[in-house]
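Each chain is listed here by its residues.
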Amino acid sequence: MDESAIKGLNLLELNDSGDDSGDDSGDDSGDDSGADSQTPRISSTTVSVEGYDTWLRKYPLKLVLEKHFASCGEITNIYVPTDFERGILKSVAFMRIEGEGAEEKALQLSGTDVGGWTAIVKPAPSQKVFMDDPWYAGPRCAAAPADTKTHRIRVTGYDTSLPEIDMQIALCKHFSSCGYVSKVIVLSSGAAFLCLKGERCVDKALELSRCNMGGRTLVVEPVVPRPDILKKRRPLACTTTGYTLPSILLEEAKKEKETEKETEKEKEKEKEKKKKKKKKVEMEMKKKKMMMEMEKKKTMHKMKTKMNMYMEK
């Protein structure tokens, strides 16, 4: 295991180091109140995972690891070091898992298949002296590439009966051809928001609208910020601080209102079409009735003429 990857493991240990320092100071002061000893501590462990292809994308790999090791306990952190100089992932990832017997359960999964590659799981060394890992700094590090602009899309129509992690993996895989999927947020309302990076990623994603995924037809919509509307808005009279709705929920509510308006317009158009059709049918019936009346008059006139001719003879 290379040195920078081992250093990165310290990020998973920072909280523990803070707890340990507090406990040591308590022991040195001779405080035997027993308050801390009565507080139950959650059993947690850190394991390393190797065996994956280092050319994989980071976020899809995290989703796969979260699903594969879900039975071991609660996964509180997944750290995948990146080699920014080579533009690939490092060969070892670290996971913090909480729960009774989490380490034993994770080690039992060593040698198992994870969608085409074999996981090698080992207990991770406990490192408690770290503050300057350049690889974890990511985009803030000089060696790290600058992030491209992130775009968002809204997706509906997928199978909402699946577990959340399965929906995230399926959507991430489905839209991977459009660019780099850096985040998948699944809402309980049946809508999902994907963060994409890459050239023409939104256009490529929109081309997948009405496509099939797992027997369901997806609907893809772009999430476009509207700075012109934000500039026209008046500032709120109330200056007190309070809760602000997340932008995702605001966008969703806005979309629903627009959809309702479009539905109302469609209903009005349907009503107008029905009225015109009814009027046209009535006009045709009236015209047909007039034609029948004229034919009847012509027939009666002919019969009357024949009767007069017969009487004259």
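Residues numbered from 1 in each chain as written. Predicted model: local features only at pLDDT ≥ 70, side-chain atom pairs only at ≥ 80, totals over all residues. Heavy atoms only, no water.

**Q** How should I be thinking about a negative patch on the surface in this particular structure?
**A** Together, Glu256, Glu260, Glu264, Glu268 and Glu272 make up a region of like negative charge exposed at the surface. Relative to the helices and strands, Glu260 is located in helix 9 (residues 247-312). (Patch = residues over 30% accessible without salt bridge, like charges linked within 9 Å, V, L, I, M, F, W, Y side chains within 5 Å. Areas by Shrake-Rupley, 256 points an atom, 1.4 Å probe, with all protein chains shown as cover. Salt bridge = Lys/Arg side-chain N within 4 Å of Asp/Glu carboxyl O. Lys, Arg positive; Asp, Glu negative; His and termini not counted. Charge placed at Lys NZ, Arg CZ, Asp CG, Glu CD. Helix = DSSP H or I, 4+ residues; strand = E, 2+ residues; numbered from the N terminus.)

**Q** Can you help me understand the sheet that holds strand 6 (residues 120-123) in this one?
**A** Spatial strand order, 2-5-1-6: four strands in an open sheet with antiparallel pairing. Of all the strands in the sheet, the pair left with one neighbour each is strand 2 (74-79) and strand 6. Mean inter-strand twist for the sheet, computed between neighbouring axes without regard to direction, equals 30 degrees. Sheet analysis places strand 1 (residues 44-50) next to strand 5 (residues 92-98), joined by seven bridges and oriented antiparallel. Each bridged residue has a counterpart across the sheet, and for Ser44 the counterpart in strand 5 is Glu98. Helix-sheet contacts for helix 4 (residues 58-68) involve strand 1, strand 2 and strand 5, and the interaxial angle to strand 2 is about 150 degrees. (Pairing = 2+ DSSP bridges. Axes fitted to C-alpha atoms, helices over the stretch in contact; angles between N-to-C directions. Contact = heavy atoms within 4.5 Å.)

**Q** Help me understand the sheet that holds strand 12 (residues 219-223) in this model?
**A** By definition, the strands of a sheet pair up through backbone hydrogen bonds, in either a parallel or an antiparallel sense. Across the sheet, which stays open at both edges, the four strands sit in the order 8-9-7-12 with antiparallel pairing between neighbours. The strands lining the two open edges of the sheet, one partner per strand, are strand 8 (180-186) and strand 12. This sheet shows a mean twist of 25 degrees between the axes of neighbouring strands, independent of strand direction. Summarising the sheet, strand 7 (residues 150-156) and strand 9 (residues 192-197) pair through six bridges and their orientation is antiparallel. Its bridge partner being in strand 9, Ile153 is matched across the sheet by Leu194.

**Q** Explain the nonpolar core to me, please; I cannot follow it from the model alone.
**A** Core analysis: the biggest nonpolar cluster contains 25 residues, and Ile153, Val155, Tyr158, Leu171, Phe175, Val184 and Leu194 have the highest contact counts within it. Every element with two or more residues in this core is listed here: helix 4, strand 7, helix 6 (164-174), strand 8, strand 9 and helix 7 (201-207). What Val184 contacts, discounting residues up to four positions off in sequence, is Tyr59, Gln168, Leu171, Cys172, Phe193 and Leu194. The next biggest cluster of nonpolar side chains, apart from the first, holds 20 residues, and it includes Leu89, Ala93, Met95 and Leu109. (Core = buried A, V, L, I, M, F, W, Y, C linked by side-chain atoms within 4.5 Å. Buried < 20%, exposed > 50% of the residue type's maximum accessible area, 1.4 Å probe, protein only.)

**Q** Looking at this structure, how should I read a positive patch on the surface?
**A** Taken together, the side chains of Lys257, Lys261, Lys265, Lys269 and Lys273 make up a positively charged region of the molecular surface. In this fold, Lys265 is placed in helix 9.

**Q** Would you mind going over the environment of Gly87 with me for this structure?
**A** By secondary structure assignment, the location of Gly87 is in the loop between strand 3 (82-83) and strand 4 (88-89). In this structure, the C-alpha to C-alpha distance between Gly87 and Thr54, residues 33 residues apart in sequence, is 9.5 Å.

**Q** Any chance you could explain helix 6 here in plain terms?
**A** Three- or four-residue spacings in an α-helix give side chains the same orientation, since the helix completes a turn every 3.6 residues. When we look at burial in helix 6, the residues that qualify are Ile165, Asp166, Met167, Gln168, Leu171 and Cys172. Where the residues of helix 6 are buried, they touch helix 4, strand 7, strand 8, strand 9 and strand 10 (212-213).

**Q** Help me understand the packing of aromatic side chains, please; the structure alone is not making it clear to me.
**A** Any two aromatic rings considered together are summarised by their centre-to-centre distance and by the angle between their planes. One pass over the structure, following the stated rule, counts two aromatic pairs. When the ring of Tyr52 is compared with that of Trp117, the centres are 5.9 Å apart and the planes differ by 75 degrees; the resulting orientation is edge-to-face. Pair noted here: Tyr52 is in the loop between strand 1 and helix 4 and Trp117 is in the loop between helix 5 (102-108) and strand 6, with a separation of 65 residues, a long-range link. According to the relative accessible area criterion, Trp117 is buried, its value standing at 12%. With a centroid separation of 6.3 Å and 15 degrees between ring planes, the pair formed by Tyr79 and Phe94 is classed as stacked. On the criterion of sequence distance, the pair formed by Tyr79 in strand 2 and Phe94 in strand 5 is long-range, its members being 15 residues apart. Of the two residues examined, Tyr79 and Phe94, each falls in the buried class. (Phe/Tyr/Trp six-rings, centres within 6.5 Å; stacked < 30°, edge-to-face > 60°.)

**Q** What am I meant to see in the state of the cysteines here?
**A** Put plainly, a disulfide is one covalent bond tying together the sulfur atoms of two cysteines. Tallied over the entire structure, the rule returns zero disulfides. Just so you know, Cys178 is unpaired, no disulfide at all, and the nearest cysteine sulfur is the one on Cys201, 7.9 Å from it. (Disulfide = S-S within 2.5 Å.)

**Q** What's the story with the packing of helix 4 against helix 6 in this structure? I'm lost.
**A** At a minimum axis separation of 10 Å, helix 4 and helix 6 run at an interaxial angle of 150 degrees. Between helix 4 and helix 6, the crossing angle belongs to the class labelled roughly antiparallel. Handedness of the helix 4/helix 6 crossing: left-handed. Residue-level contacts link Tyr59, Pro60, Leu63, Val64, Glu66 and Lys67 of helix 4 to Ile165, Asp166, Gln168, Ile169 and Cys172 of helix 6. Class assignment of the residues belonging to the contact of helix 4 with helix 6 gives a composition of seven nonpolar, one polar and three charged. (Parallel < 35°, antiparallel > 145°, perpendicular 65-115°, else oblique. Left-handed = near helix turned anticlockwise from the far one by under 90°. Nonpolar A, V, L, I, M, F, W, Y, C, P; charged D, E, K, R; others polar.)

Distances and angles like these do not, on their own, reveal function.
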